[in-house]
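# Descriptive structure summary
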Amino acid sequence: MLELLAMLETEVKTSSPYSQILAGKKVLISGVANKRSIAWGIAQLFYEAGAEVAFSYQGERLKDTITDLTKDMNDPLIVECDVTKDADINSAFAAVSERFDGKLDIMVHCLAFAPKETLEGGYISTQREHFALAQDISAYSLTAMARAAKPLMQAAGGGSILSLTYLGAERVVPNYNMMGIAKASLEAGIKYLAQDLGPDNIRINGISAGPVKTLAARGISDFTSMLNHHAEVSPMKRNVAVEEVAGSALFLASPLSGGVTGEILHVDCGYNIMAM
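Please read all numbers here as calculations on a predicted model, not as lab measurements.

Ordered in space as E3-E2-E1-E4-E5-E6-E7, the 7 strands form an open sheet in which the pairing is parallel. In the strand order of this sheet, the two ends are held by strand E3 (78-80) and strand E7 (264-267), each with one partner. Between one strand axis and the next, the sheet turns by 20° as a mean value, whatever way the strands run. For strand E6 (residues 202-209) and E7, the ladder comprises 4 bridges, and the chain directions are parallel. The residue of E7 that forms the bridge with Gly206 is Ile264.

Let us now look at the nonpolar core. Counting residues in each nonpolar core, the largest one holds 38 residues, and the members touching the most others are Ile29, Ile42, Phe46, Phe55 and Val108. Of all the secondary-structure elements, those providing two or more residues to this core are strand E1 (26-30), helix H2 (38-48), strand E2 (52-57), helix H3 (60-69), strand E4 (106-109), strand E5 (159-165), E6 and helix H8 (242-253). Aside from chain neighbours lying at most four places away, what touches Phe46 is Leu22, Val27, Ala51, Ile106, Val108, Leu162, Ala246, Ala249, Leu250 and Ala253. Core analysis: the second largest hydrophobic core is formed by 33 residues, Val79, Met107, Ala146 and Leu186 among them.

As enumerated under the stated definition, the model contains 2 aromatic pairs in all. On the numbers, 6.2 Å between centres and 40° between planes, the contact of Trp40 with Phe55 is tilted. In this pair, Trp40 sits in helix H2 while Phe55 sits in strand E2, placing the two residues 15 residues apart along the sequence. For Phe55, a relative accessible area of 0% gives the class buried. Consider the rings of Tyr166 and Tyr176, whose centres lie 5.0 Å apart with planes at 70°: the pair is edge-to-face. Of this pair, Tyr166 sits in the loop between E5 and helix H6 (177-197) while Tyr176 sits in the loop between E5 and H6, and the two are 10 residues apart along the sequence.

Let's shift gears to the packing of helix H5 (residues 128-155) against H6. The N-to-C vectors of H5 and H6 enclose an angle of 20°; their axes lie 8 Å apart at closest approach. Our classification of the angle between H5 and H6 gives roughly parallel. For the element pair H5 and H6, the recorded crossing hand is right-handed. When H5 is examined against H6, the residues Phe131, Ala134, Gln135, Ser138, Ala139, Leu142, Thr143, Ala146 and Lys150 are found in contact with a partner set consisting of Met178, Met179, Ile181, Ala182, Ser185, Leu186, Ile190, Leu193 and Leu197. When grouped by side-chain class, the residues that make up the contact of H5 with H6 number 13 nonpolar, 4 polar and 1 charged.

As a packed pair, helix H4 (residues 86-99) and H5 sit with axes 10 Å apart at the nearest point and diverge in direction by 30°. On the basis of their axis angle, the class for H4 and H5 is roughly parallel. Note that H4 runs across H5; the crossing there is right-handed. Residue-level contacts link Ile89, Phe93, Val96 and Ser97 of H4 to Ala144, Met145, Ala148, Ala149 and Leu152 of H5. Residues belonging to the contact of H4 with H5 are distributed by class as follows: 8 nonpolar, 1 polar and no charged.

Criteria and cut-off values
- Residues numbered from 1 in each chain as written.
- Predicted model: local features only at pLDDT ≥ 70, side-chain atom pairs only at ≥ 80, totals over all residues.
- Heavy atoms only, no water.
- Pairing = 2+ DSSP bridges.
- Helix = DSSP H or I, 4+ residues; strand = E, 2+ residues; numbered from the N terminus.
- Axes fitted to C-alpha atoms, helices over the stretch in contact; angles between N-to-C directions.
- Core = buried A, V, L, I, M, F, W, Y, C linked by side-chain atoms within 4.5 Å.
- Buried < 20%, exposed > 50% of the residue type's maximum accessible area, 1.4 Å probe, protein only.
- Contact = heavy atoms within 4.5 Å.
- Phe/Tyr/Trp six-rings, centres within 6.5 Å; stacked < 30°, edge-to-face > 60°.
- Parallel < 35°, antiparallel > 145°, perpendicular 65-115°, else oblique.
- Left-handed = near helix turned anticlockwise from the far one by under 90°.
- Nonpolar A, V, L, I, M, F, W, Y, C, P; charged D, E, K, R; others polar.

As structure tokens, this is what we get:
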């Protein structure tokens, strides 16, 4: 009897309610910076759900980080991709196509950047070159990567594309500045891409996550105050967890959301509905 109980306990610990929902699906994830990244939380859950996961990165330091994080995964593809260069994007997707036999089911875009100067002072002081760089990496990269992913998703019979955004795209958030403008562009792009890709059964959606302690968040001045304010004001009286954002990503990537495209799903403990 004790042996049977031990076996059942082991099964409960190792099994997952999501273990088959993405079985056989081919996934590309961009934007993993460290173990606290939302992108990494999504990657872990997708892998747990049965997906075969590949990663794109920019810079040798991030390659080492991803290699270390994925040491317990089954030989994931880790490919360099500087999204400011079309040649790099084409090369990365050629590698993805080779690994996944010309098909891709899911792409997760977790890329955003704005020069530090644009997150200080007021938005009005943003310089032209900083504006262009933030838009290129944070918004246009989704369009460029979706275009590269399209033929692979067509070959797979359809697909799902996800990107991360934030409420600063809709409302003024102090110190978010240029990133708010870039995220607004990203969200508009998601809607236009939804129309372009829909006939091929390719869906694209965004997750507007509440503030999370990630590497990117460190660049926002007084981020701790933002966290505290969200926890105080949100209906659930707390901040969102990476695991909760990943769970919503799993829903949007899976057949459970088959009729959903062009949407921005708020995963922020309800903060976005509050006026005061």
